[in-house]
Amino acid sequence: MSIKEVLRMGDAHLLRRAEEVLSFDTLELHALLADMRDTMRALDGVGLSAPQIGVNQRVVIFGVQHNPRYPDAEPVPQTVLLNPVIVPLGNDTADDWEGCLSVPGMRGLVPRFKTIRYRGCDEKGALIDRTVSGFHARVVQHECDHLDGILYPMRMRDLRQFGFSDVLFPDGKVPEE
Ligand code: NI
């Protein structure tokens, strides 16, 4: 498959509500997922949504092994998630730094629910139903926001905590989603 161009903030395609996936296990869906995996890997991201490569469907992928650049982040299983629904468990939120492949070179401090239950299905239509917290919960909330046309700066409370990665973190990096 191939590495696709990732749309960047300012492109109106990133601001749409994506459409539900109606057919599973199709050649078209497998091809889309292969492109998304290739693109995410090439850019060293931890997650990617279909709208970021210009495909207006409710499809996200994410996952991270132990990342030496981000040693405190627990591993997140490699996941394909279609038509996701997120339910926050409790109202507790936490602030942490996020990046996004559609906002390259920048980082911002973003509040997210600490614990969520998310449901959806994989590329074959099998149900996924997980309760997660911490970094896993953050990644899912970030990726699913893309399906509703929301980029992380739109979730920020204080734009003073938004800046260039190499200025904010001269010694290290935070993964991009
Ligand atoms: Ni993103």
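Use the structure listed above.
Structure report, in brief. These figures come from a predicted structure and were not determined experimentally. (Residues numbered from 1 in each chain as written. Predicted model: local features only at pLDDT ≥ 70, side-chain atom pairs only at ≥ 80, totals over all residues. Heavy atoms only, no water.)

Moving on to the overall build of the protein chain. Tallying secondary structure elements over the protein chain gives 3 helices and 8 strands in all. Helices and strands appear in the protein chain in the N-to-C order α-β-β-β-β-β-β-β-α-β-α. For 177 residues, the compact-globule estimate of 2.2 N^0.38 gives 16 Å, and the protein chain sits close to it at 15 Å. Referenced to the eigenvectors of the C-alpha coordinate spread, the extents of the protein chain come out at roughly 45 × 35 × 30 Å. A burial count over the protein chain gives 49% of its 177 residues as buried. Looking at the protein chain as shown, the accessible area adds up to about 9000 Å², and 52% of this sits on carbon and sulfur atoms. Computed over 20 positive and 26 negative side-chain charges, the inter-centroid distance for the protein chain is 2 Å. (Helix = DSSP H or I, 4+ residues; strand = E, 2+ residues; numbered from the N terminus. Rg over C-alpha atoms; globule rule 2.2 N^0.38 Å. Buried < 20%, exposed > 50% of the residue type's maximum accessible area, 1.4 Å probe, protein only. Areas by Shrake-Rupley, 256 points an atom, 1.4 Å probe, with all protein chains shown as cover. Lys, Arg positive; Asp, Glu negative; His and termini not counted. Charge placed at Lys NZ, Arg CZ, Asp CG, Glu CD.)

In this structure, strand β6 (residues 115-121) lies alongside strand β7 (residues 127-133), joined through 7 bridges in antiparallel fashion. Bridging from a neighbouring strand, Tyr118 pairs with Arg130 of β7. Linking β6 back to β7 in an antiparallel pair, the connection comprises 5 residues, with Gly125 at a positive phi of about 95°. (Pairing = 2+ DSSP bridges.)

The next subject is the pairing of strand β5 (residues 106-113). Across the 8 residues that make up β5, a large majority, 7, are buried. Bridging between strand β4 (residues 93-98) and β5 involves 6 bridges; their strand directions are antiparallel. Within β5, the position partnered with Ala94 by the bridge is Arg112. Summarising the sheet, β5 and strand β8 (residues 162-164) pair through 3 bridges and their orientation is antiparallel. Counterpart to Met106 in the pairing with β8 is Phe164.

With that out of the way, let us pick up helix α2 (residues 134-146). Compared with the 18 Å implied by 1.5 Å per residue over 13 residues, the 19 Å span of α2 between its first and last C-alpha is a close match. For α2, a buried count of 12 out of 13 residues is recorded, marking the element as mostly surrounded by other parts of the structure. Turning to α2, its buried residues are Phe135, His136, Ala137, Arg138, Val139, Val140, Gln141, His142, Glu143, Cys144, Asp145 and His146. (Expected span 1.5 Å × (residues − 1).)

So, about the sheet that holds β4. Sheet architecture is open: 3 strands sit in the order β4-β5-β8, paired in antiparallel fashion. A single partner strand is all that each edge strand has here, and the edge strands are β4 and β8. Adjacent strand axes in the sheet meet at a mean angle of 25°, parallel and antiparallel pairs treated alike. Lying on the sheet, α2 is in contact with β4 and β5; it crosses β5 at an angle near 105°. (Axes fitted to C-alpha atoms, helices over the stretch in contact; angles between N-to-C directions. Contact = heavy atoms within 4.5 Å.)

A separate point is the nonpolar core. The biggest cluster of nonpolar side chains holds 18 residues, and the ones touching the most others in it are Phe62, Leu81, Ile116, Tyr118, Phe135 and Val140. No other element matches α2, which puts 5 residues into this core. With residues near it in sequence (within four places) discarded, Phe62 still touches Val46, Gly47, Val76, Pro77, Gln78, Thr79, Leu81, Tyr118, His136, Val139, Val140 and Glu143. Counting 16 residues, the second largest nonpolar core, distinct from the first, contains Val21, Leu33, Ala50 and Val59. (Core = buried A, V, L, I, M, F, W, Y, C linked by side-chain atoms within 4.5 Å.)

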